[in-house]
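Architecture and fold: a report
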Amino acid sequence: MTTPTDPTPSTTAPNGTNYLDLGITLALNDWPALTLAVQSNWGGPTSADKRDWLCGAISEMLAERPETDAYDLEDVLVQVMTDEFDVDVDDESAATVADQIMEMKGQTERGEYGPIQALWEAYQRKGGAQQAVAGIQRGVAEGDSDDDEEDDDDEDGMDVDMDDAAVPALVHAAPREKPEPEVDEDGFTTVVSKKRR
């Protein structure tokens, strides 16, 4: 596979949707919690496919439900991490990623593609261009994930070869103090929402 220099190889004219898709892919590929989950195969052998699916699902959600805000997106990110990767994200990084994606959405709506282009160029310099391009191409060819499953297993093997020494520090971060449960006079425990809002 050759790495294109243009982040929107399939367009003939500037298209905000393609830049937003690229921005979503870059934001999710740069999210340490999701990257660790994919590298560790916490979502099973199709962990990379699940990340790519999430990129497409977020793009569709933003297109079909324009009223979506950063809080909605954060809830989706946390839910997918829990359901698909069995990871509880409690370090506020999901909120940061959601804010970043919503900021990119605003930029593309205003026709400001420079910040996403700069992220793409920085990502290429870091050597992640092939992974991002593969994710974008898989996202464009929806429904072909079953055919690509064997090829992705080889790519996942490359991800696992990375330095595993830092993994325990990320996985076993100091847990937050949980508030003591409130027990009323009848002995019932009050259930408190996990949302921080």
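What you see is a predicted model; the values in this text were computed from it and never measured. (Residues numbered from 1 in each chain as written. Predicted model: local features only at pLDDT ≥ 70, side-chain atom pairs only at ≥ 80, totals over all residues. Heavy atoms only, no water.)

**Brief notes about the overall build of the protein**
As a reminder, the rule being used: The way it works is that DSSP assigns letters per residue, a run of H or I at least four long becomes a helix, a run of E at least two long becomes a strand, and they are numbered from the N terminus. Using a 1.4 Å probe on the protein chains alone, a residue whose accessible area is under 20% of its type maximum counts as buried, one over 50% counts as exposed, and one in between counts as partly exposed. Note on contacts: a residue pair qualifies if any of its non-hydrogen atoms lie within 4.5 Å across the two residues. We get accessible surface area from the Shrake-Rupley algorithm with a probe of 1.4 Å; when it comes to residues, only the shown protein chains can shield them.
When helices and strands are counted, the protein shows nine helices and zero strands. Each helix and strand of the protein, ordered N terminal to C terminal, gives the series α-α-α-α-α-α-α-α-α. Relative to its full complement of 197 residues, the protein shows a buried share of 36%. Counting only contacts in the protein whose residues sit at least 6 apart along the sequence, the fraction spanning at least 24 positions is 69%. When the accessible surface of the protein is totalled, it reaches about 12200 Å², and 50% of it is carbon and sulfur.

**Here we look at the nonpolar core**
Side chains of nonpolar character tend, in soluble globular proteins, to be buried together. This is how it is decided: Take the buried residues of types Ala, Val, Leu, Ile, Met, Phe, Trp, Tyr and Cys, join any two whose side-chain atoms come within 4.5 Å, and each joined set is a nonpolar core.
Leu28, Trp31, Ile58, Leu77, Met81 and Ile101 are the most contacted members of the largest nonpolar core, which totals 36 residues. Of all the secondary structure elements, the ones that give two or more residues to this core are helix H1 (16–29), helix H2 (32–39), helix H3 (47–64), helix H4 (70–85), helix H5 (93–109) and helix H6 (114–125). Not counting the four nearest positions on each side in its chain, Ile101 is found in contact with Leu20, Ile24, Ala27, Ile58, Leu62 and Leu73.

**So, the side chain of Ser59**
Position of Ser59 relative to the elements: it lies in helix H3. Not counting the four nearest positions on each side in its chain, Ser59 is found in contact with Asp21 and Ile24.

**A closer look at unusual backbone geometry**
Unusually for a residue other than glycine, Asp86 sits at a positive phi of about 55 degrees. With respect to the helices, strands and loops of the structure, Asp86 is situated in the loop between H4 and H5. Overall, Asp86 belongs to the exposed group, its relative accessible area being 71%.

**Things to note about the packing of aromatic side chains**
Within a pair of aromatic rings, the relevant descriptors are the distance that separates the centres and the angle that separates the planes. Short version of the rule: Each pair of aromatic rings taken from Phe, Tyr and Trp, with Trp reduced to its six-membered ring, is defined by centres within 6.5 Å and is described as stacked if the planes are under 30 degrees apart, edge-to-face if over 60, and tilted in the remaining cases.
Per the stated rule, a full pass over the model turns up one aromatic pair. Ring geometry for Tyr19 and Tyr113: centres 4.5 Å apart, planes at 15 degrees, overall stacked. One end of the pair, Tyr19, is in helix H1; the other, Tyr113, is in the loop between H5 and H6, and 94 residues separate them in sequence.

**Things to note about the pattern of salt bridges**
Oppositely charged side chains are able to pair whenever their charged atoms sit close together. Applicable threshold: For this document, the term salt bridge refers to a Lys or Arg side-chain nitrogen within 4 Å of an Asp or Glu carboxyl oxygen.
If you walk through the whole model with that rule in mind, you get five salt bridges. Here Glu84 and Lys50 are joined by a salt bridge, their closest N and O atoms 3.5 Å apart. With a gap of 34 residues between them, Glu84 in helix H4 and Lys50 in helix H3 connect regions that are remote in the sequence. Judged by its relative accessible area of 29%, Glu84 falls in the partly exposed class.

**Structural notes on the packing of H2 against H3**
What counts, and what does not: Here, axes are lines fitted to C-alpha atoms. For helices the fit covers the stretch in contact, and angles between N-to-C directions go from 0 to 180 degrees. Handedness of a crossing is defined here by the sense of rotation of the near helix relative to the far one, left-handed for an anticlockwise turn of less than a right angle and right-handed for a clockwise turn.
For the pair H2 and H3, the least separation of the axes is 8 Å and the interaxial angle reads 145 degrees. Judged by the twist between their axes, the crossing of H2 over H3 is right-handed. Here H2 contributes Leu34, Ala37 and Val38 to the contact with H3, which in turn contributes Ser47, Ala48, Arg51 and Leu54.

**Concerning the side chain of Thr68**
Threshold: Counting of polar contacts relies on pairs of N or O atoms within 3.5 Å, with two restrictions inside protein: one atom must be capable of donating a hydrogen and the other of accepting it, and residues adjacent in sequence are counted only when both atoms are side-chain atoms.
Structurally, Thr68 can be placed in the loop between H3 and H4. In this structure the side chain of Thr68 is engaged in a polar contact, spanning 2.7 Å, whose partner is the backbone oxygen of Arg65. When sequence neighbours within four positions are dropped, the list of residues in contact with Thr68 reads Met61, Leu62, Leu73 and Met102.

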